[in-house]
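# Working through the structure, step by step
Listed here are the chains, written in short residue letters.
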There are 6 protein chains.
Amino acid sequence: MPVIRVEMYKGRSVDQKRAAAKALTQAFLDTCGGTPQSVQIIFIDVEKEDWAAAGILASDPKPA
Amino acid sequence: MPVIRVEMYKGRSVDQKRAAAKALTQAFLDTCGGTPQSVQIIFIDVEKEDWAAAGILASDPKPA
Amino acid sequence: MPVIRVEMYKGRSVDQKRAAAKALTQAFLDTCGGTPQSVQIIFIDVEKEDWAAAGILASDPKPA
Amino acid sequence: MPVIRVEMYKGRSVDQKRAAAKALTQAFLDTCGGTPQSVQIIFIDVEKEDWAAAGILASDPKPA
Amino acid sequence: MPVIRVEMYKGRSVDQKRAAAKALTQAFLDTCGGTPQSVQIIFIDVEKEDWAAAGILASDPKPA
Amino acid sequence: MPVIRVEMYKGRSVDQKRAAAKALTQAFLDTCGGTPQSVQIIFIDVEKEDWAAAGILASDPKPA
């Protein structure tokens, strides 16, 4: 433990994920303790057409 | 809040997701309250070969 | 399919969940098709101290 | 119920998933009871560049 | 990897979970390979009033 | 977006979660961009008897 799942819009580069994995792991260890080996992170890329807020797909224009 | 995650077979069109996002958001607001802006919905398309019921992949024929 | 998971602040009554289950199921069927029996909904109650936005727990006061 | 979600590295064949679906379903029924029809399994393939342990992407070389 | 999450009705004993953890792990290894140490299983107990099928909470009587 | 879900053993204090929420949010923003308001974090406390590695519940003694 822990398992940290990050759901975000598709589009982050591998370099960004590499940096995020390192920074999120450190952030968890600094505040909650544990060993680095125990921290697992899973990134889930989500298309904007698969994510909605206020009932509107993120790929659609916002109402004026 | 809330975050609503919908796992379903791949194949729904963007139009269906657009309508579903609107209808699911309204259904939540009508019954549980809150503001539209707070409702987030994430659709997860799952291939039939990645979903099993009764131990049989949905992509496989059902036993007679 | 589908499996619909609803993560929300703890505090909704069973009556609200009963109504939400009915309304969310209908919303899915109306827009994405399928049979009622195939729609499963799981509600996950989350304490406000377990949910953060902008780095601040929902149980904490918002900064002025 | 139950819903069993299996997140794993991408690369398992459909034959492996077919066998896993059967074996996992049986393992659940043997130990927790229930009917086969009630057991749903969802496989989620995760790219190695989307999974990190100890802050390092699984697609990257391990430090010496 | 893998991470296997099992959502089920509350009520299984620790003994059942102990047996299920062992059997599910073996089922995965037998069919998908990997090392025992890499298999993580998380059980999530769900109250029947938090799980609905066909729009009806599992804690409610089925319609005649 | 993003939604970050942290599954961990039960036992972290609210102070630890408060600090983790802040640190994880900053870690994401520093590496992946976005606005603070868009980052949501959900902590899920898991009992040790609900988490297994290598087929053994975390609440059980490790084999010698």
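About the criteria used
Counting from 1, residues in each chain are numbered in the order their sequence is written. Starting at A for chains and at 1 for ligands, labels are handed out in the order in which the entities are written. At least 70 in pLDDT is required for a residue's local features to be given in this predicted model, at least 80 for side-chain atom pairs to be given and counted, and no such filter applies to totals for whole chains, interfaces and linings, which use all residues. The basis for every side-chain value is the complete set of non-hydrogen atoms in the structure, without hydrogens or water. Only protein chains enter the accessibility calculation, which uses a 1.4 Å probe. A residue is then buried if its area is under 20% of the maximum for its type, exposed if over 50%, and partly exposed in between. Secondary structure elements are taken from DSSP: a helix is a run of H or I of four residues or more, a strand is a run of E of two residues or more, and numbering for both begins at the N terminus. Two strands are counted as paired when DSSP detects at least two bridges linking them. Crossovers are marked right-handed if the path from the first strand over the helix to the second runs clockwise, as seen with the strands pointing away from the viewer. We call two residues in contact when some of their heavy atoms are within 4.5 Å. Defined in terms of a 1.4 Å probe, buried area is the accessible area two parts forfeit on being brought together, summed over both. We count a salt bridge whenever a side-chain nitrogen from Lys or Arg sits within 4 Å of a carboxyl oxygen from Asp or Glu. N or O atoms within 3.5 Å of each other form a polar contact, as long as, within protein, one can give a hydrogen and the other can take it, and as long as residues adjacent in sequence are counted only when both atoms are side-chain atoms. Amino acids are sorted into nonpolar (Ala, Val, Leu, Ile, Met, Phe, Trp, Tyr, Cys and Pro), charged (Asp, Glu, Lys and Arg) and polar (every other residue, Gly among them).

## Let's talk about the pairing of strand E2 (residues 40–46) of chain E
- Where burial is concerned, most of E2 of chain E is hidden: six out of the seven residues are buried.
- Both strand E1 (residues 3–9) of chain E and E2 of chain E contribute to a ladder of seven bridges, which runs parallel. Across the sheet, residue Val6 of chain E finds its bridge partner in E2 of chain E, namely Phe43 of chain E.
- Following the backbone out of E1 of chain E, through helix H1 (residues 14–32) of chain E and into the adjacent parallel E2 of chain E, one traces a crossover that is right-handed.
- The pairing of E2 of chain E with strand E3 (residues 51–53) of chain F spans three bridges and is antiparallel. Across the sheet, residue Gln40 of chain E finds its bridge partner in E3 of chain F, namely Ala53 of chain F.

## Quick word on the interface of chain F and chain A
- If you look at the interface, chain F gives 21 residues, while chain A gives 21 residues.
- Together chain F and chain A conceal approximately 2,000 Å² of surface at their shared face, both sides included; 69% is due to carbon and sulfur atoms.
- Ranking the residues of chain F by area buried against chain A places Met1, Thr31 and Cys32 of chain F at the top, with a combined share of 27%.
- The interface formed by chain F and chain A contains zero salt bridges.
- Counting the contacts that link chain F with chain A gives five residue pairs in polar contact (both at pLDDT 80 or more).
- Of all the secondary-structure elements, those providing two or more residues to the side of chain F that touches chain A are strand E1 (3–9) and helix H1 (14–32) of chain F.
- When residues of the side of chain F that touches chain A are assigned to their parent elements, the largest contribution, nine residues, is made by H1 of chain F.
- Grouping the constituent residues of the side of chain F that touches chain A by class yields 15 nonpolar, three polar and three charged.
- Where strand E1 (residues 3–9) of chain A lies against E1 of chain F, five bridges are found, and the strand directions are antiparallel. Bridged to Glu7 of chain A within E1 of chain F is Val3 of chain F.

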